[in-house]
Amino acid sequence: WFCNHRGNTSGAHIVNHLVRAKHKDVTLHKESQLGDSVLECYNCGCRNVFLLGFIPAKSESLVVLLCRSPCLSSGALKGKDWDLSEWCPLIEDRSFLPWLVKAPSEKDQLRARPMSAQVL
């Protein structure tokens, strides 16, 4: 598992690994808030995390994952309980959003091995 911390790199280790390995699918860790879920678009099933974002429900405390293209741009959930203008990407500033993938605690960071971008 890769962490959502930058260390000495320009982006989170998990995002650097995804880019360098040309991977796009992500399964969350079983101990995450959402369990071992596969991140995918609610509407079409797209698993490219670089295209995925979320939209909060207007009335409930839940979110839906929706890909930027084609689902968001085509208005796939228009008229339902979602405000498409509130769409936000899952990856921001080369890191996953902290509510989705937690960054390691300071204690865990001190225990971790330092890694360069080349090692990732």
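Keep in mind it's a predicted model, so treat the numbers as computed, not measured. (Residues numbered from 1 in each chain as written. Predicted model: local features only at pLDDT ≥ 70, side-chain atom pairs only at ≥ 80, totals over all residues. Heavy atoms only, no water.)

A short note on the overall build of the chain
- Scanning the chain for helices and strands turns up three helices and five strands.
- The order of α-helices and β-strands along the chain, N terminus first, is α-β-β-α-β-β-β-α.
- Burial status across the chain gives 36% buried among its 120 residues.
- Counting every atom, the chain has about 7,800 Å² of accessible surface; 50% of that belongs to carbon and sulfur. (Helix = DSSP H or I, 4+ residues; strand = E, 2+ residues; numbered from the N terminus. Buried < 20%, exposed > 50% of the residue type's maximum accessible area, 1.4 Å probe, protein only. Areas by Shrake-Rupley, 256 points an atom, 1.4 Å probe, with all protein chains shown as cover.)

Some details on unusual backbone geometry
- Following serine 69, the chain continues into proline 70 via a peptide bond in cis, with omega recorded as 15 degrees.
- Checked against the element boundaries, proline 70 lands in helix H2 (residues 68–74).
- The backbone of lysine 22 shows a phi angle near 55 degrees, a positive value even though the residue is not glycine.
- With respect to the element layout, lysine 22 can be found in the loop between helix H1 (13–21) and strand E1 (52–56).

With respect to the pairing of strand E2 (residues 63–67)
- Summarising burial for E2: four of the five residues are buried, a large majority.
- Note: E1 against E2, five bridges, orientation antiparallel. Residue pairing in the sheet places leucine 52 in a bridge with cysteine 67 of E2.
- In textbook terms, the turn of a hairpin is the stretch between consecutive antiparallel strands, and for E1 and E2 this stretch comprises six residues. (Pairing = 2+ DSSP bridges.)

Re the sheet that holds strand E3 (residues 88–89)
- The antiparallel open sheet is built from three strands, whose spatial order is E2-E1-E3. The outermost strands of the open sheet, each flanked by one partner alone, are E2 and E3.
- Relative to E3, E1 runs antiparallel, the two being bridged by two bridges. Looking at E3, one finds that phenylalanine 54 is bridged to cysteine 88.

A few points about the environment of aspartate 25
- Considering the arrangement of structural elements, one finds aspartate 25 in the loop between H1 and E1.
- Placed 13 residues apart in sequence, aspartate 25 and valine 38 show a C-alpha to C-alpha distance of 7.7 Å.

Considerations on H1
- Listed as buried for H1 are His13, Ile14, Val15, Asn16, His17 and Leu18.
- Tucked into the core, H1 has its buried residues touching strand E4 (91–92) and strand E5 (95–96).
- Backbone geometry just after H1 places lysine 22 at a positive phi near 55 degrees. (Contact = heavy atoms within 4.5 Å.)

Observations concerning the environment of aspartate 83
- In this fold, aspartate 83 is placed in the loop between H2 and E3.
- At a separation of 2.7 Å, a polar atom in the side chain of aspartate 83 contacts the side chain of serine 85. (Polar contact = N/O pair within 3.5 Å; in protein donor to acceptor, adjacent residues only side chain to side chain.)

Concerning the confidence of the model for the chain
- The pLDDT averaged across the chain works out to 83; a share of 86% of its residues lies at or above 70.
- Element-level mean pLDDT values for the chain span from 68 in helix H3 (residues 106–111) up to 96 in E3. (pLDDT = per-residue confidence, 0-100.)

Some details on the nonpolar core
- Of all hydrophobic cores here, the largest spans 30 residues; its most connected members are Leu39, Val49, Ile55, Leu66 and Phe96.
- Those elements that place two or more of their residues in this core are H1, E1, E2 and H2.
- With four residues, the top contributor of residues to this core is E2.
- The contact partners of leucine 39, leaving out residues within four places of it in the chain, are Val26, Leu28, Cys46, Arg47, Val49, Leu52, Leu65, Leu90, Phe96 and Leu100. (Core = buried A, V, L, I, M, F, W, Y, C linked by side-chain atoms within 4.5 Å.)

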